[in-house]
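# Notes for the structure review
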Amino acid sequence: MEEKISFFKRPAIQTLLASVICAVVGIILGYIALYIINSEHAADSMKALLVNFFKFRVVKGPLLMKNFGSFLVKSVPIILCAEAILFAYKAGLFNIGVAGQYTVGIIASIYCSLALGWSWPLCLLAAILAGAFWGFLSGCFKAFFNVNEVIAGIMLNWIGLYICNIVLGRPECMNQSKSETYDLAANNPDALLPGFMQEFFGNNKYISIAVPLTIIVAVIILIVLNKTTLGYELKATGHNKDAAKYAGMNAKRNIILTLVISGAIAGMAASTIYLTGIENFKIASSVPGMGFNGIAVAFLGGLNPIGAIIAGLFVEYISLGGQYVDYNYYSPEMADLIISIIIYLCGFVLFFRSILSRPGRVKVNANAEPDDTATKAEEKEV
Amino acid sequence: MKKKLLSVLLVAAMVATMFVGCGSSASDSATDDAAKAETGDTQEASSDYRIAMITDSGDITDMSFNQTTYEASKAFAEANGADFQYYKPTEDSNEARIASFENAVTDGYNVIVVPGYLFAAMIAEVAEDYPDVTIIALDCSEFDFTDNGMEKLPENVCSFTYHEELAGYMAGYAAVKEGYKKLGFLGGMAVPAVIRYGFGFVQGCNDAAVELGNASDVEVNYVYGGQFYGDDAITAQMDTWYSKGTEVVFACGGGIYTSACEAASKVNGKVIGVDSDQSGTIADQYGKDDLCITSAMKGLAATVNTTLTDLFAGDWSKHAGKIENLGIVSDTDLEANYVQLPTDTWSMENFTTDDYKELVGKLNSGEVKVSDSTDAMPKTEIKVNEFDNIH
Amino acid sequence: MEDYVIEMLNITKEFPGIIANDDITLQLKRGEIHALLGENGAGKSTLMSVLFGLYTPEKGVIKKDGKEVKINNPNDATDLGIGMVHQHFMLVDIFTVLDNIILGSEPSKFGVLTKKEAREKVLALSNKYNLKVDPDALIEDITVGMQQRVEILKMLYRDNDILIFDEPTAVLTPQEIDELMKIMKDLAAEGKSILFITHKLNEIMQVADRCSILRKGKYIGTVDVANTSKEELSSMMVGRDVKFAVDKTKANPGQEVLKVENVCVKSKIHSNDAVHDVSFNVRAGEIVCIAGIDGNGQTEFVGALTGLDDISGGKITLCGKDITKKSIRYKNTHGMSHVPEDRHKHGLVLDYTLEENMILQRYFEPDFQKCGMIRKGEMRKYSDKLAAAFDVRSGQGAKTKTRSMSGGNQQKAIVAREMDRAHELLVAVQPTRGLDVGAIEYIHKEIVKERDNGKAILLVSLELDEVMNLSDRILVMYEGEIVGEVDPKTTTLQELGLYMSGAKRDNGKEAK
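Heads up: these notes are all about the structure in this document. By convention here, each chain's residues receive numbers from 1 onward along its written sequence. Each chain takes a letter, starting from A, and each ligand takes a number, starting from 1, following the order in which they are written. In keeping with the predicted nature of the model, local features appear solely for residues at pLDDT of at least 70, side-chain atom pairs appear and are counted solely at 80 or more, and the whole-chain, interface and lining totals rest on all residues. The basis for the side-chain values is all heavy atoms of the structure; hydrogens and waters are excluded.

## A closer look at the side chain of Thr-246 of chain B
- Turning to its location among the elements, Thr-246 of chain B is positioned in the loop between helix H8 (232-243) and strand E8 (248-252).
- Residue contacts follow a heavy-atom distance rule, with two residues in contact if any of their heavy atoms lie within 4.5 Å. If sequence neighbours within four positions are ignored, Thr-246 of chain B has contacts with Lys-182, Leu-183, Gly-184, Asn-221 and Trp-241 of chain B. Helix and strand definitions follow DSSP, with helices as H or I runs of at least four residues and strands as E runs of at least two, each counted in order from the N terminus.

Structure (structure tokens):
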């Protein structure tokens, strides 16, 4: 039977194709936008965006590897956010609260490191626990009060943000004259995540064990989802919660557990960037975009933990590309616009997938009952 | 198996994208070189300097700090036939600023103008590694450098700070002398330069009120917005101020003036501009010629211009490795001062340009002293109402 | 030449990967009742959708009165006088009968409704065809049988002369079915042509003049009903001979396995109990069946029994243990197996593979997991064993996604899983719903085998044939209560119908 399914009709291939098409269409649309704004320099600018930091290859010295390192460092949190989202998604929950869980992760990372002076393992653990707790809250709302996790998540995002501004705005953490949190390297070097192959990456002092840790997390998620009873349960709940109930699975526990794990990953994402010292926290008036970009990344990655790594690298790569566009012809806002177009087109993966699969649903049995959806559609039409 | 295939293909796709990019850019950089050579030919008379500017957390359209620096650098570059480009870091972080610097240097720029104290950390990191690149920093104080472990500036760097307290003092003094009794100060973020402006402003108001003998009538509302741009919350605060009788607000911090102007234009209030002469832009933007009564200017443009001129003329040694603190240098040539009020667009009536000249003279001679401390609100006889930061 | 009112000639309709209609010809004579017989998935719905202009066939023509017509959308079909009574009625509950009938073709003058003429027309029609309805009653207040009459009147009101009935008897009591058959005959006598879609052979034998049979998208043939038999029809439909009667010996009931005492369940829709004061028992080695018309509390009762829904009162005892308040997991692991009513909603995770579904309630047992990791090898072995034992067929074996399996095989998989689990009681709800005759035969055989192995079986079914054939005792449920217990060997369909419609009840409580 398998041979009958053409190569392009295989689900994995379709997901992959859809992702690639999304990326390519995004780039083409971005190019068109550039062209409309300034036709003369569109090609050069798109090239600069795509070549990105590889332009440093012409320079002697470690610049290329150093930038490559920074690229990896910045990709890590967005990949982890995507992992958090896809994990919940597989269990049937749309955890838009990742942004908030990430935010409380920031609180824990920075407060523990700067105000409490803890060392990195404790700070990392605190961030994970904080994110998990935030996920636990929206899980409880969902499980016990039937509050949709999207609504609970959005509320908690803002609550998290304001708590973050209040806590980190205190003088223990915030350098008032700079309006950003103190430099971690200067104030508590113990809290910095241990370096990882820094010499290989041109002495990039920000590259840390967060990079291999992310890969490990992705692999663990892959294993949990596909090999364990927990993953079996969560996915069953995600696919069909009625059947999960029928099978005696504890839906409430699974909802909470899913959001706790998802939140823990998001909290960890925050510490992978704020415990490297690459960026200090500033009072923010909106929820970090990381959690939302993570959604695009998760879908672009075909909701696969390993796919999310590649998608995250792609999105971060494109994001970094904006600064290489010639600002004499395109303002930075335009560059951001192009990047947004490319990134948000990634959310259309499922759309492209459905187009790809439309001309031939894989029907194994000619006498198969139509899916529920098809039947319902038919009932409506008749 | 399928999953594996998927990953492999995705990687392949990405690598392919990069290679396509790389491949086409090899020839690209060649053209760049050619272009460079060409520019060199035609501009042989001038120099090999290529000027770049990196923005701080703001943008070149902030009607203030970044914009002034950008315009001055660009004007100089055009006048002297040098290449000019500006860079905006991807984030407001040291790492991103360094990346922008490296990007600019890789693009062949060897004079980098950086406005803002935020760049001190970047300079501390890159200055030694790029001895051939000249870095002109604005607003980075000695303290900013030592804070980042840099005791002495290398020869390829110079920095300028300003006596903002003098500019603020003059603006406050002028406003009170002009007859305003209820004043306001709206700072951006509480960074040293902004604090100096604010404290200077308060001192100026106080001294003028004492001289006029109406210190008990004069009040100053004092707040920091917590950001360098206006928004609804800040506008709301300004609305409250103006509705409670505030007559003029010193809007001091990048784009934050929009909130003050918006609120002021509703009730016929006034504002005082900052950094550059903002009366023109504000008049254009809000359609009211007299909205902005004056501006507390600091000579960013002049500094950029002078320094670049010296550099191009081979006089870099005047500045090399120095941190210069610029303020009032002359009581006769008002335009030469690095902190001033705009005399070209003077609109005040009770406080005239002659009064202004007299004030400059006193400040220059040291007859009037203005504290540049940023530690605590100056002690005053007038009433200062301090508000909590808006953000 | 024959007088055909509608001819569908050589219709071929393909969907990617499946030919739903393969060169099908259907000719409807004026004034006849023509049955369209076929299993689920045989292509009946597709063919009707083509007739209604919802699908455009790749090949073939449609003729009306001998002239070729193009039907591109349902409006074209209506214009040609084709009307349909749907299986699920398309009525607005809070409108009156009259409003529902005229809905969509409201008579109006200058934009103002003129209901008077409409009322007269409806009354005339209902008299002529003996379709008794009260035009001013609200739909929600009238019986299902009456609602169906409203649907028929709707077609007549629009002057349709080609009437399609899509499985019209599924929701009716035996008495109502008899009435419908009579109405259909009257309509045909008045010159209306009727297309009657069904898979119930008895009804075809009763009313139809001719019968066309489809099987797996192919046209098998058209027969005169007078010259054929149920056996012939069913073998044409299924492609082989089918036995109708279930072979079974007399039951040997043993110990009491399930005891239900005074169980009540709150309704989710109204304030009354959906299930009220239900008590009975099931012993080992017998099949007890709960019969009743759909929507009389069977679903809610099974929900309460298995734990899917909350129970509001009463006590349930399984093998001597009180399980009233126990979790589903507890019931699953302490002797209860459950073939659920809705196999897609509850029975299967459709996006899981067959093997994953086979361990749906057992994945946590040491047989299938070790330190939290699923033992894939064991799972595969177990799934293959069950599939072989219960003849579950699937495209790619154990790793087939259940969504792509046929309904019969999905159901067989569930039955296999539930019968193989350690259990004393099997709760089987509509175990043969939507299955073809062959699969029904197989599942019935398995259920009887189960009984003979000494298991207690509680069967809930809407199919009277199944109820009569399979059970050892029948409990009839009406409006949430058990209104009677009958012995299938001594009762008749008619008596059962009286109980089911609430016209008769035990305990001396005669009908209102």
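And the narrative resumes.
## Some remarks on the interface of chain B and chain A
- The interface is formed by 46 residues belonging to chain B together with 50 residues belonging to chain A.
- Buried area: the sum, over both parts, of the accessible surface (1.4 Å probe) that disappears when the two are put together. A buried area of about 4200 Å², summed over both sides, lies between chain B and chain A, and 59% of it is on carbon and sulfur atoms.
- What makes a salt bridge here is a side-chain nitrogen of Lys or Arg within 4 Å of a carboxyl oxygen of Asp or Glu, nothing more. Our count for the chain B to chain A interface comes out at six salt bridges.
- Between Lys-282 of chain A and Asp-92 of chain B there is a salt bridge, with the nearest N and O atoms lying 3.8 Å from each other.
- Each polar contact in these results corresponds to two N or O atoms within 3.5 Å; when the atoms are within protein, one needs to be able to donate a hydrogen and the other to accept it, and residues that are neighboring in sequence are counted only if both atoms are side-chain atoms. Our count for the chain B to chain A interface comes out at twelve residue pairs in polar contact (both at pLDDT 80 or more).
- Only helix H1 (2-42), strand E2 (84-87) and helix H3 (94-106) of chain B provide two or more residues apiece to the side of chain B that touches chain A.
- Take the side of chain B that touches chain A: its biggest share by element is 18 residues, from H1 of chain B.
- The residue inventory of the side of chain B that touches chain A, partitioned by class, reads 22 nonpolar, 13 polar and eleven charged. Asp, Glu, Lys and Arg are counted as charged, while Ala, Val, Leu, Ile, Met, Phe, Trp, Tyr, Cys and Pro are counted as nonpolar; the rest, among them Gly, fall into the polar class.

## Quick word on a nonpolar patch on the surface
- In this analysis, a patch consists of residues with relative accessible area above 30% that form no salt bridge, clustered at 9 Å for like charges and at 5 Å for the nonpolar side chains Val, Leu, Ile, Met, Phe, Trp and Tyr. Values of accessible area rely on a 1.4 Å probe in the Shrake-Rupley scheme; residue burial ignores everything except the protein chains shown. A cluster of nonpolar residues, Val-24, Ile-28, Leu-29, Tyr-31, Ile-32, Tyr-35, Ile-36, Ile-37 and Leu-337 of chain A, forms a patch on the protein surface that exposes about 800 Å² of accessible area.
- If you trace the backbone, Tyr-35 of chain A turns up in helix H1 (residues 11-37).

## Overview of the side chain of Arg-50 of chain B
Residue and element names in this part refer to chain B.
- Among the secondary structure elements, Arg-50 is positioned in the loop between H1 and strand E1 (51-54).
- Only protein chains enter the accessibility calculation, which uses a 1.4 Å probe; a residue is then buried when its area is under 20% of its type maximum, exposed when over 50%, and partly exposed in between. Accessibility expressed as a relative area gives 13% for Arg-50, which makes it buried.
- A polar contact of 2.9 Å, which involves the side chain of Arg-50, links it to the side chain of Asp-83.
- Among the polar contacts listed, one links the side chain of Arg-50 to the backbone oxygen of Asp-107, at a separation of 2.8 Å.

## Some thoughts on the arrangement of the chains
- If you rank the two pairs of chains in contact by how many contacts each has, first place goes to chains A and C.
- Taking C-alpha atoms as the reference, chain B and chain C come no closer than 14 Å and do not contact one another.

## Focus: the pattern of salt bridges
- Scanning all chains against the criterion turns up 50 salt bridges over all chains.
- A salt bridge links Glu-180 of chain A to Lys-282 of chain A, with the shortest nitrogen-to-oxygen separation between them at 3.4 Å. Of this pair, Glu-180 of chain A sits in strand E2 (residues 180-181) while Lys-282 of chain A sits in the loop between helix H11 (251-274) and helix H12 (290-300); the two residues are 102 residues apart in sequence, bridging distant segments of the chain.
- In this structure, Lys-362 of chain B and Glu-358 of chain B form a salt bridge, with 3.6 Å as the shortest nitrogen-oxygen distance. Here the residue Lys-362 of chain B and the residue Glu-358 of chain B both occupy positions in helix H12 (residues 353-365), the gap between them amounting to four residues, near one helical turn.
- Its relative accessible area of 22% is what places Lys-362 of chain B among the partly exposed residues.
- According to the relative accessible area criterion, Glu-358 of chain B is partly exposed, its value standing at 47%.
- A cluster of three or more residues bridged by salt bridges with shared partners is formed by Glu-180 and Lys-282 of chain A together with Asp-92 and Arg-97 of chain B.

## Some details on helix H14 (residues 407-420) of chain C
- Under the convention used throughout, the expected extent of a helix is 1.5 Å for every residue step, that is, one less than its residue count. End to end, H14 of chain C covers 20 Å across 14 residues, agreeing with the expected 20 Å (1.5 Å per residue, within 8%).
- For H14 of chain C, the tally of buried residues reaches 13 of 14 residues, placing the bulk of the element in the interior.

## Structural notes on the nonpolar core
- Among buried residues, the Ala, Val, Leu, Ile, Met, Phe, Trp, Tyr and Cys ones that are joined through side-chain atoms within 4.5 Å form a nonpolar core. Judged by nonpolar contacts, the single largest core of 154 residues is most densely connected at Ile-51, Phe-101 and Ile-123 of chain B.
- Looking at this core, the element that brings in the most residues is helix H3 (residues 63-90) of chain A, giving 14 residues.
- Apart from residues no more than four positions distant in its own chain, Ile-51 of chain B is found in contact with Phe-76, Ala-77, Ala-82, Asp-83, Phe-84, Gln-85, Tyr-109, Val-111, Val-113, Leu-308 and Phe-312 of chain B.
- Formed by 59 residues, the second largest nonpolar core is a distinct cluster that contains Ile-287, Leu-308, Ile-374 and Val-486 of chain C.

## What to know about the sheet that holds strand E11 (residues 323-326) of chain B
Residues and elements named next belong to chain B.
- Overall, parallel pairing links the six strands, which are arranged E2-E1-E3-E4-E5-E11 in an open sheet. The open sheet has two edge strands, E2 and E11, and neither has a second partner. Averaged over all pairs of adjacent strands, the angle between their axes in this sheet comes to 20°, without regard to strand direction.
- The rule for pairing is simple: two strands pair if DSSP sees at least two bridges between them. Here strand E4 (residues 134-138) runs beside strand E5 (residues 157-162); their pairing, made up of four bridges, is parallel. Opposite Ile-136, over in E5, you have Cys-158 as the bridge partner.
- Seen against the sheet, helix H11 (residues 300-312) touches E1, strand E3 (111-115), E4, E5 and E11 and runs at an angle of roughly 160° to E4. Axis lines are fitted to C-alpha atoms, over the contacting stretch for helices. Their N-to-C directions set the angle, which ranges from 0 to 180 degrees.

## Some words on the sheet that holds strand E13 (residues 256-266) of chain C
All names here are of chain C.
- Within the open sheet, the four strands sit side by side as E14-E13-E16-E17. Their pairing is antiparallel. At either end of the open sheet lies a strand with only one pairing partner, and these are strand E14 (273-283) and strand E17 (321-322).
- Taken together, the two bridges between strand E16 (residues 313-318) and E17 define a ladder with antiparallel strand orientation. Paired with Leu-318 across the two strands is Lys-321, which belongs to E17.

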